[in-house]
Amino acid sequence: MTPSPIPQPNASWLETKRSCLEHNVALFRQVLKADGGRASPRLGGVLKGNAYGHGFEPMLAELHSVLDVIYVIMAADALALRALEAERGWARRQVVVIGAVTAAEVRALAERGVQCVLGDPSWERIGLELRAQGSGLRAQVHVHLDTGLGREGFRPEAVARDLAFLPGMLDVLEPVGALTHFANTEDVTEQNYAQGQLAAFDAGVAELQKLLPGLPLERHAAASAAAMLLPEARYEVVRVGIGLFGLWPSNETRISARLVHPDWNSLQPALSWRCRSQLVKSLPAGSYIGYGCSFRCERDTTVAVLPVGYFDGYPRLTSARAHVLVNGRRCPVVGRVMMNHIIVDITLAAPQASEVVATLLGEDGGESISAETLAAWAQTINYEIVTRLGAHLRRKVI
Ligand SMILES: *Cc1c(COP(=O)(O)O)cnc(C)c1O
């Protein structure tokens, strides 16, 4: 759980637009329902990475009631979620911890009705420890199948061998689901590899059902990209993360999605990042700016010093490429990004101002800077940009 931020009137802040979240949730519901013939899958939300940087607790307040299942990485987040439900009188949701857990965590989670993912052979020992504790608790688990990502999970062809311990542990472990995760849905516009993973998943689930006859298993495989592009991957639940916040898993996904369903195009990014200037000043032509004197003013220049830097998640690699928005105009970041500061040239955007508000991410006037743009400047992906936004930053929902 994010620590409650210390009030920092001078620091940059993040705004999440409620109307965008609502739109994106409604869009997923509507397109998933429109899938001819099949029953609509349940909508699961993945709130990892501090809810993709938007803030775990504020996003729970927005999304808890509209998601059918909530997936988190860490046991501590699930426990915080249950505490919030109790404190605020929210109805309990199905909650699944998809990250690694210890035996002690599994017990604490089982006590609170939180499910875990059984994804490696260490679970045999976890089962034995639960039994030795003799609490009578049964931990509900989803079995992870590794169909081609090479991360957690059991290989489908080895289910009978590697999960041979499971049928003898049903007194402490209760399998309730099966999942897999795609390796290559975002990087391509053709989905052959994903089709192979789907076939492997079906085979693995069939093996599981032989091993555990009569146990109904909730199947889930699709993160945002697969939920958009592969109707057959939707099964009983989808596990959508980045898409809820209106961000695209990749450009390839964006290009492919409109062919599957034109409405995907209307996804709305919910996040903005803004900062009030610490000071505005004029520097004469010939002055240098920033560490390494990497920038020299060609003319008399008005700059705004912004109290935001790589400590807050503004990547240093954007130096000399980035701009921010002031009064709806692009203002280049001049010199290097520092730990707690960037300096921007506002000569054209706000020549007379004594103070400005800069937009680092999001819209201002007719201009906008997307997480994808910032990611491109920093040679990374939008996922990394938003999840590395400092947990200390103020976050508001507007
Ligand atoms: C991150 C993650 C998701 C969600 O991915 P998005 O691309 O953000 O939708 C789903 N399932 C698992 C196992 C994940 O790790």
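Everything that follows concerns the structure shown earlier in this document.
Residues numbered from 1 in each chain as written. Predicted model: local features only at pLDDT ≥ 70, side-chain atom pairs only at ≥ 80, totals over all residues. Heavy atoms only, no water.

Even without glycine at this site, Tyr 52 takes up a positive phi of about 50°. In this structure, Tyr 52 sits in helix H2 (residues 48–52). Note on Tyr 52: relative accessible area 4%, which makes it buried. Residues other than glycine seldom take positive phi values, yet Tyr 235 does so here, at roughly 45°. (Helix = DSSP H or I, 4+ residues; strand = E, 2+ residues; numbered from the N terminus. Buried < 20%, exposed > 50% of the residue type's maximum accessible area, 1.4 Å probe, protein only.)

Attention now goes to empty space enclosed by the protein. Here the structure, examined in full by the defined rule, presents one cavity of 30 Å³ or more. Lining the largest cavity are His 144, Leu 145, Asp 146, Thr 147, Leu 149, Arg 151, Glu 152, Thr 180 and His 181. Broken down by class, the residue content of the lining of the largest cavity amounts to two nonpolar, four polar and three charged. (1 Å grid on protein atoms, 1.4 Å probe; cavity = no way out; pocket = protein on both sides within 12 Å on 5 of 7 lines; lining within 4 Å. Points joined across faces, edges and corners; volume = space filled by probe spheres on them. Nonpolar A, V, L, I, M, F, W, Y, C, P; charged D, E, K, R; others polar.)

Here we come to helix H3 (residues 56–63). Along H3, the residues that are buried comprise Phe 56, Met 59, Leu 60, Glu 62 and Leu 63. Looking straight down H3, one finds that the buried residues subtend no more than 165° of arc, so they occupy a single side. Elements that come into contact with the buried residues of H3 comprise strand S1 (13–16), helix H1 (18–33), H2, strand S3 (69–72), helix H4 (75–88) and strand S20 (394–397). (Arc of directions from axis to C-beta. Contact = heavy atoms within 4.5 Å.)

This brings us to the layout of surface pockets. Considering only enclosed or pocket space, the largest pocket measures out at about 700 Å³ in volume. Every residue lining the largest pocket is counted, 34 residues in all, and those nearest its centre are Leu 247, Pro 269, Ser 370, Ala 371 and Glu 372. Residue assignment for the lining of the largest pocket shows that the elements contributing at least two residues are helix H10 (251–260), strand S10 (271–276), strand S18 (357–364), strand S19 (367–369), helix H11 (371–377) and helix H12 (382–387). Broken down by element, the lining of the largest pocket gets its largest block of residues, four residues, from H11. Residue composition of the lining of the largest pocket, by class: 16 nonpolar, twelve polar and six charged. Taken as a whole, the second largest pocket spans an internal volume of roughly 460 Å³. Lining of the second largest pocket is provided by 27 residues; of these, Lys 48, Arg 151, His 181, Glu 186 and Ala 223 occupy positions nearest its centre. Elements supplying a minimum of two residues to the lining of the second largest pocket: H2, helix H9 (224–229) and strand S9 (237–240). Within the lining of the second largest pocket, the residues separate by chemical class into 15 nonpolar, six polar and six charged.

This paragraph deals with the packing of aromatic side chains. In this structure the tally under the stated criterion is five aromatic pairs. Between Trp 273 and Tyr 314, the aromatic rings sit 5.9 Å apart at their centres with planes inclined by 55°, giving tilted as the arrangement. In this pair, Trp 273 sits in strand S10 while Tyr 314 sits in the loop between strand S14 (301–306) and strand S15 (323–326), placing the two residues 41 residues apart along the sequence. Grouping residues by exposure puts Trp 273 and Tyr 314 together as buried. Taken together, the ring pairs connect Tyr 52, Phe 245 and Tyr 383 into an aromatic cluster. (Phe/Tyr/Trp six-rings, centres within 6.5 Å; stacked < 30°, edge-to-face > 60°.)

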